[in-house]
Amino acid sequence: MEKEVLCCCHNVTLEDVKEQIILGVDNFEDLQEITKIGTDCPPCKEKNEKLFKILLEEEIKG
Ligand code: FES
């Protein structure tokens, strides 16, 4: 299956973000530092910050 790219500027996929959450990243700023996701386009940041929060909540709930 083709990987879902969430941020094309930095080629960050949905899998990458999930992986970082599993590794313990619990805020978007750290995720940006590690992956550079959304660091160039404001709409990308906005979209992925929302998605990150949803994914994080799902991960916490299990
Ligand atoms: S597409 Fe993500 S920063 Fe440009």
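The residue count restarts for each chain, going from 1 along the sequence in the order it is written. Selection of residues for local features in this predicted model requires a pLDDT of at least 70, selection of side-chain atom pairs for listing and counting requires 80 or more, and totals for whole chains, interfaces and linings are taken over all residues. Computation of side-chain values covers all heavy atoms of the structure but excludes hydrogens and water.

### Description of the UniProt feature "domain: BFD-like [2Fe-2S]-binding" (unreviewed entry) in the protein
As a reminder of what qualifies: UniProt positions are given in the numbering used here, feature names are shortened, and annotations may be inferred rather than shown by experiment. Helix numbers and strand numbers start at the N terminus; a helix is a DSSP run of H or I with at least 4 residues, a strand a run of E with at least 2.
Sequence positions flagged by UniProt for "domain: BFD-like [2Fe-2S]-binding" (unreviewed entry) are, in local numbering, residues 6–53. In residues 6–53, the share of helix is 60% and the share of strand is 8%. The end C-alpha atoms are 14 Å apart.

### Structural notes on the environment of Val 25
We apply this condition: For every residue, the accessible area (1.4 Å probe, protein chains only) is compared with the maximum for its type, and the residue is labelled buried under 20%, exposed over 50%, or partly exposed between those bounds. Contact definition: two residues touch when any of their heavy atoms are within 4.5 Å.
Among the structural elements, Val 25 can be located in the loop between α1 (14–22) and α2 (28–35). Using a relative accessible area of 9% as the deciding quantity, one classes Val 25 as buried. Distance in space between the C-alpha atoms of Val 25 and Lys 36 is 14 Å, their sequence separation being eleven residues. When sequence neighbours within four positions are dropped, the list of residues in contact with Val 25 reads Gln 20, Asp 30, Leu 31, Ile 34, Phe 52 and Leu 56.

### Some words on unusual backbone geometry
A positive phi angle, near 50 degrees, is found at Asn 11, a position not held by glycine. Turning to its location among the elements, Asn 11 is positioned in the loop between β1 (5–7) and β2 (12–13). By relative accessible area, Asn 11 is classed as exposed at 53%. Positioned with a positive phi, Lys 36 is a non-glycine residue whose angle comes to about 70 degrees. The topology assignment puts Lys 36 in the loop between α2 and α3 (42–61).

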